[in-house]
Amino acid sequence: MKNLKLLSGSLLICIFLGLFSLSCEKEEMNNINSEGLNASVKAMNTVKITSTGMNFDAPEEIPSGWNTFSYYNKGHVPHFFFLVKLPEGITLEMYKEQVTMPFNNILKLMRGEEPTGPTSLPKWFSPQLYSGGSGIIDPGMKAVTSINLEEGNYLMECYVKMPNGDFHSVMGMLENLKVSSKNSKSKEPKANVDITIDESGLHLNNEISRPGLHTFSVEFAEESTADVHLVRIENPESTDRDELKEWIYWGNNVGLPNEGLMTPAPEGYSFLGGAQELYMGGHSYFQAVLKPGTYALISEVPSSIINQYYVEFTVE
């Protein structure tokens, strides 16, 4: 879980999709995405993760080095996976007891409720543990994210919120992942779209001029506490962007009907993946199929600075 975000605050495939219903569009895009993954990053070691509800079905162990994570959300609400590297001697059970539950209790305090356990975090917990992951992905869709991981013990979690306000991690979306000393020997992906995230905001460094499969490189400044999520705006003329900007950060409007990251997500948007932050700096990659339309890149940051971390673009 992120540290309250500081509490205060291909083979390039040109694919033109016809006009279908939204559900059909998502299914078609998902299939293309899978085919594109096999074609454009076939040299990468692929780690398959699936959620069918409040769970992660994932390998217990993966090699170190570059891995491409194919995360299939078979559930009914948006999810993501976020990787945290565990310090020596810290177990998943300890993390849940000392980090996950206190974060959930802090939310209860913010809503004026009575927490049922501790509300303080252990000294060992630090944003330096943040190790990447996928952006938010809609039900029935796959998020494709490539990350370079060093040997160690990690956990993956999702902290989108239930309608009652509890984090998905409290409900079971918390799972171990061991990264072995054996290297995947995979080559780093090649991107055609570059994004940088630093203290001044989120920056899209080149124009996306065509539809089809794209590989995004995300460069993170050191001590970055911002991620990136790719969102399709289904009805750009009528959709209220402020709803998305208020929803994207878990600490916005706590206790109000539009509380941040609480499901259901705002209507009029499709979440297509992205990349979670690497606090120690570096870069990761994600893939997505873009059809003609309007899109946004947005970070999970407080509403007070959200406009610095929001970029909108149109694919013709």
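Refer to the structure above for everything that follows.
Here's what I pulled together on the structure shown here. (Residues numbered from 1 in each chain as written. Predicted model: local features only at pLDDT ≥ 70, side-chain atom pairs only at ≥ 80, totals over all residues. Heavy atoms only, no water.)

### As for the sheet that holds strand 11 (residues 228–233)
For sheets, the rule is that strands pair by backbone hydrogen bonds, running either parallel or antiparallel. Rules: Two strands are said to pair when DSSP picks up at least two bridges between them. Helix numbers and strand numbers start at the N terminus; a helix is a DSSP run of H or I with at least 4 residues, a strand a run of E with at least 2. Angles run from 0 to 180 degrees between N-to-C directions of axes, and those axes are lines fitted to C-alpha atoms, restricted for helices to the stretch in contact.
Overall, antiparallel pairing links the four strands, which are arranged 12-11-14-15 in an open sheet. For this open sheet the edge positions go to strand 12 (269–275) and strand 15 (310–315), each flanked by a neighbour on one side alone. The mean angle between the axes of side-by-side strands here comes to 25 degrees, regardless of whether they run parallel or antiparallel.

### Here's the deal with the pairing of strand 2 (residues 61–73)
What counts, and what does not: Buried means the residue's accessible area, taken with a 1.4 Å probe over protein chains only, is under 20% of the maximum for its type, while exposed means over 50%, and partly exposed covers the values in between.
Most of strand 2 sits out of view: 11 of its 13 residues are buried. In this sheet, strand 2 lies alongside strand 1 (residues 45–51) in parallel orientation, the contact comprising seven bridges. Opposite Asn-45, over in strand 2, you have Asn-67 as the bridge partner. Strand direction decides the pairing type here: strand 2 and strand 7 (residues 174–183), joined by three bridges, are parallel. When the bridges of strand 7 are listed, Ser-64 appears paired with Asn-183. Across eight bridges, strand 2 lies against strand 5 (residues 142–149) in antiparallel orientation. In the strand pairing of strand 5, Thr-68 is matched with Ser-146.

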